[in-house]
Amino acid sequence: MQKRGQFSISFSMIFSIIVIIAIVGIAFYVIRSFISLSKCTEISLFYNDLEEYIEEAWQSTIHQDIFPNEKYPATIPSGIELVCFGNIAQAPQEYNNIKKAFINSNGNVFLYPPQKACDSSLSSIKLEHVKTNEFFCIPVRENRIELKTKRDQFEALVTLSR
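Residues numbered from 1 in each chain as written. Predicted model: local features only at pLDDT ≥ 70, side-chain atom pairs only at ≥ 80, totals over all residues. Heavy atoms only, no water.

Asker: In this structure, what is going on with the sheet that holds strand S8 (residues 158-161)? I would like to understand it.
Answerer: The pairing of strands in a sheet happens through backbone hydrogen bonds and is either parallel or antiparallel. Spatially, 4 strands are ordered S1-S7-S8-S5 in an open sheet, and the strand pairing comes out mixed. Two strands close off the open sheet at either side, each with one partner strand: strand S1 (63-67) and strand S5 (130-132). Put simply, the sheet's adjacent strands are angled 25 degrees from each other on average, direction ignored. Bridge count between strand S7 (residues 147-151) and S8: 3 bridges; the pairing is antiparallel. Within S8, the position partnered with lysine 148 by the bridge is serine 161. On the sheet, helix H1 (residues 11-59) packs against S1, S5, S7 and S8 and is oriented at approximately 170 degrees with respect to S1. (Pairing = 2+ DSSP bridges. Helix = DSSP H or I, 4+ residues; strand = E, 2+ residues; numbered from the N terminus. Axes fitted to C-alpha atoms, helices over the stretch in contact; angles between N-to-C directions. Contact = heavy atoms within 4.5 Å.)

The following block contains the structure:
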């Protein structure tokens with residue numbers, strides 16, 4: 001005789017529900033990991049395109065262009081607000097937050113905020129064959145920046161500017 005309000009469920013049914021919940025939880029974790037990996041890959045591809053572009057500009061006799069372009073269509077993942085260039089020690093006072101975040105970095109390209117750059121591991125790099133006349137930051141709009149690059153015939157390095 002069963003009383004009203006009594007609910008009976010077998011052990012196998014309870015175990016099945018627990019297994020389903022565990023599978024769904026693991027699936028969400030894996031999806032989040034792939035999205036994070038995608039962001040890291042996009043940052044790495046941005047750096048790779050930038051390095052190849054600078055190398056090509058440095059090897060040319062005369063160069064004046066804007067990065068990214070058709071040949072190097074670099075994009076920056078969402079969450080990155082600024083891409084900064086130059087010597088961090090020479091950053092003006094308006095960039096104190098950036099200066100504090102990268103105080104121990106020896107790079108000359110910085111992604112801000114660093115926490116959004118693949119857990120800070122890819123937040124800065126050191127570009128070769130470049131110079132800047134000042135420390136500057138370029139805001140990221142629609143996952144892109146506009147970096148002006150120039151190299152005259154008798155200059156040894158590619159000059160970066162806003």
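Asker: Is there a simple way to explain a nonpolar patch on the surface in this structure?
Answerer: On the surface, Ile9, Met13, Ile14, Ile17, Ile18 and Ile21 cluster together into a nonpolar patch covering about 540 Å² of accessible area. Tracing the backbone shows isoleucine 18 in helix H1. (Patch = residues over 30% accessible without salt bridge, like charges linked within 9 Å, V, L, I, M, F, W, Y side chains within 5 Å. Areas by Shrake-Rupley, 256 points an atom, 1.4 Å probe, with all protein chains shown as cover. Salt bridge = Lys/Arg side-chain N within 4 Å of Asp/Glu carboxyl O.)

Asker: Looking at this structure, I do not really get H1. What am I missing?
Answerer: Along an α-helix, a turn takes 3.6 residues, which lines up residues three or four apart on a common side. In this model H1 runs 72 Å from its N-terminal to its C-terminal C-alpha over 49 residues, within 8% of the 72 Å that 1.5 Å per residue would give. Among all positions of H1, only Cys40, Ile43, Phe46, Tyr47, Asp49, Leu50, Tyr53, Ile54 and Ala57 are buried. (Expected span 1.5 Å × (residues − 1). Buried < 20%, exposed > 50% of the residue type's maximum accessible area, 1.4 Å probe, protein only.)

Asker: Help me understand the pattern of salt bridges, please; the structure alone is not making it clear to me.
Answerer: Oppositely charged side chains can pair when the atoms bearing their charge come close. Throughout the structure, instances matching the rule amount to 2 salt bridges. With its nearest N and O atoms 2.7 Å apart, the salt bridge here joins lysine 71 to glutamate 56. Highlighted residues: lysine 71 in the loop between S1 and strand S2 (82-85) and glutamate 56 in helix H1, separated in sequence by 15 residues. A residue is classified by how much of its surface remains accessible, and lysine 71, at 57% relative accessible area, is exposed. Glutamate 134 serves as the salt-bridge partner of arginine 162, at 3.9 Å between the closest nitrogen and oxygen.

Asker: I tried to follow unusual backbone geometry on my own but got confused; where do I start?
Answerer: It is generally the case that most residues other than glycine have a negative phi and that most peptide bonds are trans. The amide bond that connects phenylalanine 67 to the next residue, proline 68, takes the cis arrangement and shows omega of 0 degrees. Positionally, proline 68 belongs in the loop between S1 and S2. Note the cis peptide between tyrosine 112 and proline 113, where omega equals 0 degrees. Here proline 113 lies in the loop between strand S3 (109-112) and strand S4 (124-125). We note that histidine 129 has phi near 65 degrees; this positive angle belongs to a residue other than glycine. With respect to the helices and strands, histidine 129 occurs in the loop between S4 and S5. Judged by its relative accessible area of 23%, histidine 129 falls in the partly exposed class. The backbone of glutamate 142 shows a phi angle near 55 degrees, a positive value even though the residue is not glycine. For glutamate 142, a relative accessible area of 78% puts it in the exposed group.

Asker: Hey, could you run me through the side chain of asparagine 108 in this one?
Answerer: Residue position: asparagine 108 is located in the loop between helix H2 (96-101) and S3. Polar side-chain contacts of asparagine 108 include one of 2.6 Å to the backbone nitrogen of leucine 127. Asparagine 108 has contacts with Cys84, Phe85, Gly86, Ile125, Lys126, Leu127 and Val130, leaving out every residue within four places of it along the chain. (Polar contact = N/O pair within 3.5 Å; in protein donor to acceptor, adjacent residues only side chain to side chain.)

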